[in-house]
Structure formats: C-alpha cells, structure tokens
Amino acid sequence: MYATVNDMIARFGETHILRLSNPEDRTAETVNVTRVERALSDATAEIEGYLRGYYAVPVVAPPVDLVRAASILARYELAQGEHVSPSEEMSKGRDDVLKWLRDIAARRVHLDAPLAEGATGAKVGSGPRYSD
C-alpha cells in the first residue's frame, strides 16, 4: 500500500478518520484499522492501474505524491456508504487525483519512481526512423 492508517490520520485528523471508519457506530473510540486498510488497498490498486506498463509496480519507495493520492482516494472510499456520502471537498480531491493519474498515464507528468522493465523515458516515436 502507498499510504498507511497513520498517514491518513496525520493528513486528515484522527477524529475524522475515526468517524469515517465507523460510520454506523458514533460511540466508537478507535479507528477501524481493517476498514481503513481495505480502502487504502483499493486506492493502491486503482493507482497501480494508471502506473502499470510505464512504472515498476508496486513502487517500493513511494514518493510523497503517491502517499497523498492514496490517502485522498481512500478517504473518498471510506465516505461512501449507506448512511454517508462524500463531501464536495472529498469529491473534488478525488477528481483532482484522478486527473493527475491520467496525466501520469499519458506521460505528461512524471513520478520520481523506477520505470518498468523495457520502458524508456523517451516519447513514443521519438527514435530514429528508417525506410526502404
């Protein structure tokens, strides 16, 4: 996973993550770690879908940008449920992260991460051309 429960708490606050991870239990006093880790795992899988093919996944030492992206996507995921829905701020954050990931997939944005085997930093079609 590209982010941890502690990353989520540091970014959004313990009370917020406590409430998101226990939407049915307003008396809960601890973060539902299992639920948060599941959301983080889903976020990591979604991120890797955009990175795969150009970057080596999983990214062993994820840059801060990936930790942030995973946290935002997981927060959005946690805010979806029968009695809760994501706020406008959460939706905008998710949309911004998805746009950023699409830019990475299109190679308009580059990560400080190892490339996949066989991938080069050159743009497609930028090598020498030969014809008969």
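Sequence order sets the numbering: in each chain, residues are counted from 1 along the sequence as written. For this predicted model, a pLDDT threshold of at least 70 governs which residues receive local features, and a threshold of 80 or more governs which side-chain atom pairs are given and counted, while totals over whole chains, interfaces and linings are taken from all residues. Calculated side-chain values reflect all of the structure's heavy atoms, with hydrogen atoms and water omitted.

(A) Quick look at the overall build of the chain. Secondary structure elements are defined from DSSP: runs of H or I of at least 4 residues count as helices, runs of E of at least 2 residues count as strands, and each element is numbered from the N terminus. For the chain, the helix and strand inventory stands at 5 helices and 0 strands. Residues classed as buried in the chain amount to 36% of the 132 residues present. A contact between two residues is defined here by any heavy atoms of the two lying within 4.5 Å. Pairs at least 24 residues apart make up 66% of the contacts formed inside the chain by residues separated by at least 6 positions. Relative accessibility thresholds used throughout: buried, under 20% of the residue-type maximum; exposed, over 50%; partly exposed, between the two (1.4 Å probe, protein chains only).

(B) Examining the side chain of Thr 44 more closely. Note that Thr 44 resides in helix α3 (residues 33-51). For Thr 44, a relative accessible area of 7% puts it in the buried group. Polar contacts, as counted here, are pairs of nitrogen or oxygen atoms within 3.5 Å of one another; within protein the pair requires one atom able to donate a hydrogen and one able to accept it, and residues that are adjacent in sequence qualify only if both atoms are side-chain atoms. Only 3.2 Å separates the side chain of Thr 44 from the backbone nitrogen of Tyr 2, close enough to count as a polar contact. Thr 44 has contacts with Met 1 and Tyr 2, leaving out every residue within four places of it along the chain.

(C) Seen up close, the environment of Gly 53. Residue placement: Gly 53 occurs in the loop between α3 and α4 (64-78). Along the chain, Gly 53 and Ala 105 lie 52 residues apart, while their C-alpha atoms are 8.9 Å from each other.

(D) Quick look at the nonpolar core. Among the buried residues, those of types Ala, Val, Leu, Ile, Met, Phe, Trp, Tyr and Cys that are joined through side-chain atoms within 4.5 Å form a nonpolar core. Residues Met 8, Val 36, Ile 47, Leu 51, Leu 101 and Leu 111 are the most contacted members of the largest nonpolar core, which totals 37 residues. Where this core is concerned, the elements lending two or more residues are α1 (5-12), α2 (14-21), α3, α4 and α5 (88-105). Counting residues per element, this core draws most heavily on α4, at 9 residues. Residues in contact with Leu 111, not counting those within four places in the same chain, are Leu 51, Tyr 55, Pro 63, Leu 66, Trp 100 and Ile 104.

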